[in-house]
Structure formats: structure tokens, C-alpha cells
Amino acid sequence: MTVVLEIVLPVFGIVMMGFGANKLGWFSEQAEQGLTKFTFNFAAPLMLFNVISQVDLPSDPPISLFITFYGPLFTVAILGFLSSRYIFKRNYTVQVISGFCCAFGNLLLLGLPLFLLAFGEEKILPFFILLSVHGLTLFTIVTVLLEIGVKKENSGNSGNKLVKTIAVALIQNPILIGIVIGLAVNLMSIPMPEAVYTLSGLMKGAMIPAALFALGSSLTRYGIRGRFWESLSIVICKIIIFPILVYIVGTYIFELDYFVVALLTLMAAQPPGVMGYMFATKYHVGEAVVSTSIYVAAVSSVVTLTWLLYFFNVR
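None of these values were measured; they are calculated from a predicted model. (Residues numbered from 1 in each chain as written. Predicted model: local features only at pLDDT ≥ 70, side-chain atom pairs only at ≥ 80, totals over all residues. Heavy atoms only, no water.)

1. Description of a nonpolar patch on the surface
Then comes step 1: The grouping of Ile63, Ile67, Ile236, Ile240, Ile244, Ile248, Tyr252, Ile253 and Phe254 at the surface amounts to a nonpolar patch, some 830 Å² of accessible area in total.
Then comes step 2: Looking at the nonpolar patch, the elements that each hand over two or more residues are α3 (63-87) and α10 (228-253).
Then comes step 3: A per-element tally of the nonpolar patch places α10 first, with 6 residues.
Then comes step 4: Residue placement: tyrosine 252 occurs in helix α10. (Patch = residues over 30% accessible without salt bridge, like charges linked within 9 Å, V, L, I, M, F, W, Y side chains within 5 Å. Areas by Shrake-Rupley, 256 points an atom, 1.4 Å probe, with all protein chains shown as cover. Salt bridge = Lys/Arg side-chain N within 4 Å of Asp/Glu carboxyl O. Helix = DSSP H or I, 4+ residues; strand = E, 2+ residues; numbered from the N terminus.)

2. Considerations on the packing of helix α5 (residues 107-119) against helix α13 (residues 287-311)
Then comes step 1: Packing of α5 against α13 leaves a shortest axis separation of 13 Å and a crossing angle of 30°. For the element pair α5 / α13, the angle class is roughly parallel. Remark: the crossing between α5 and α13 carries right-handed chirality. Listed contacts from α13 to Leu110, Leu114 and Ala118 of α5 are Ser301, Leu305 and Leu309. (Axes fitted to C-alpha atoms, helices over the stretch in contact; angles between N-to-C directions. Parallel < 35°, antiparallel > 145°, perpendicular 65-115°, else oblique. Left-handed = near helix turned anticlockwise from the far one by under 90°. Contact = heavy atoms within 4.5 Å.)

3. Some remarks on the environment of proline 45
Then comes step 1: Within the fold, proline 45 resides in helix α2 (residues 29-52).
Then comes step 2: Sequence separation of proline 45 and methionine 192 is 147 residues, and the distance between their C-alpha atoms is 16 Å.
Then comes step 3: Excluding anything up to four places from it in sequence, proline 45 contacts Thr39, Phe40, Pro174, Ile175 and Gly178.

4. Concerning the environment of isoleucine 14
Then comes step 1: If you trace the backbone, isoleucine 14 turns up in helix α1 (residues 2-23).
Then comes step 2: Exposure remark for isoleucine 14: the relative accessible area of 23% places this residue in the partly exposed category.
Then comes step 3: Between the C-alpha atom of isoleucine 14 and that of tyrosine 92, which follows or precedes it by 78 residues, the distance is 37 Å.
Then comes step 4: With sequence-adjacent residues up to four places away left out, isoleucine 14 is seen in contact with Pro209, Leu212 and Phe213. (Buried < 20%, exposed > 50% of the residue type's maximum accessible area, 1.4 Å probe, protein only.)

5. Section: the pattern of salt bridges
Then comes step 1: Using the criterion set out here, one finds 1 salt bridge in the structure.
Then comes step 2: The partner of glutamate 230 in a salt bridge is arginine 90, and the shortest N-O contact between them spans 2.9 Å. Residue glutamate 230 is found in helix α10, and its partner arginine 90 is found in the loop between α3 and α4 (92-103); the two are separated by 140 residues along the sequence. The same class applies to glutamate 230 as to arginine 90, namely buried.

Here it is, written out as C-alpha cells:
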């Protein structure tokens, strides 16, 4: 009951507030877009800079940490890709989107607030280490694969355009900018005025409620829009198979610390993130299956995340 009252209820309570406010017309789509932009473009990057620039990073790369998380991640991505191809007979670009949704969870809007409440900032260093390469790696891969798909359909696209598209997408990503600057300040021991940390610390306080409220409001745009069984296969891969694989690898292969395994498993169990829908709408592929997957997984994750918190005895 402590888990429900102190962690799950506050987190999903704010999500439901955002959902209800939008449904009742108290929080418009324009307001939601503004809050989401504030979260992604300002609050989250400054919060990530604040934490990453001051955290004690390990001197040696934690290879076992990366393999424990990214081994299963690429496994479920490939599984989603192949399922879309051979079971549901979708075209190449939808296969890429399906694989991406199986692998890319809502680590920022839902995961980060949940981990901060459940574990505290000082205990989630593994999360920040993985997050430092998460978006950079997956955004690059999915952008390359989707642009290759577009190039196949439109022979007029050039290799130079592909490189430019990827470069612009990465350079203009505020989350990656916050992470990269934070890492640079930390690794190079660059002195920063105290006012910078005060400012970014204030934004850190705004991050949790803004992210959760925006997430709840955004769920009104999704829903069950068709291709339910295909979407269900993505949900199963993302919030069930992915965390099970992470738990097995972390516990039985690398024998990681129990707390680290708990954190990584909860990271893997996050429902598909909104970036999947952004890619789907940008490239006009798989919008129905992605929308349904996000909605079904978000609702289901209330149960799965609560169970995992109980399983790992998080208090």
C-alpha cells in the first residue's frame, strides 16, 4: 500500500489530472503543446544539465550496465520489426516504427518523475548514464532507417539529404543538448557560476509536474484507432518481454547490484514514448498502430509498474 500511496498515486494522479482537464475542455490542445514544449525545450534539458554536470560519473565505462539494458533493447526492437514484417505483413517504414516503439520507452515524461519519487536523485546514476546515449543512439538509428525507406520510395532523395536530416534532428534536440553540455562540464571540470545551478535547480522542480500533466493531456489525442492485435504485440514486447530480459541478463549473467537491476527493469518497463508517434506523423506511417500502442501501454503500465515496485520492494 505504501508504494501505491507514495509513488504510483502521485505520479499517475497528475497524469489523470492532465487527461481529465483536457477531456473537460479546461486545458486546450494549444495549452498542452505549450506545456510540452516548455518541458522538452527548457525544464528537462536544464534539469538534466543540473544533475549530469554535478554527479560523480564512474571512471571506467560500465560495460555490463550498457549490455544489460541495450542487449534486450535491440532484441525487442528486432522482434517488433520482424513481427511487423512476417506476421502483420506491413511495409518497411511501418516495420521500423514498430521496432522503435518496442524499444523506446517514455523515460523522460513518465520514467524520470517515477524514478525520482521512488529512488531519489542520488540513487539513479545508472539512469542518467544510460540516458546520456539513449536518445542519441536510437534517434540516429530510426532516422537513418526511415530515411532509407523514404529514399526507396522516392529515388530523388540523396545521401547528402539523409546526412543533413540526421544532423539537424540531433543538433536541434534540446534534450541531447542538455545532456552533452552537462557531460562536458562534468568531464572537463568546467567551473560554472552558482547562479547557473540555482536557475537549473528551479527548473528541475518544475520538471516533474509539468512532464506528467503534459503526458496525461497528450493521451487524449491517442486511443484505440485500429490494428489492435498488432498494437498489442508491441505493448507485450515493450512492457513485458523487455523488462523480463533485462532482469534475467542483469541478475543471472552480470549479477548486478539488486537496486541497479530494479532500476534497469523499471526503465525497460516504461510504456512506449511519444517520440514514436512523432516519427509516425512526421513520416506519415503507422499512425494508427502507434497511437493504439501508446494508449494501451499507458493504461496497462499502471498495473505493471505497480507490480514491479512491489516485486523489488521499493518503498
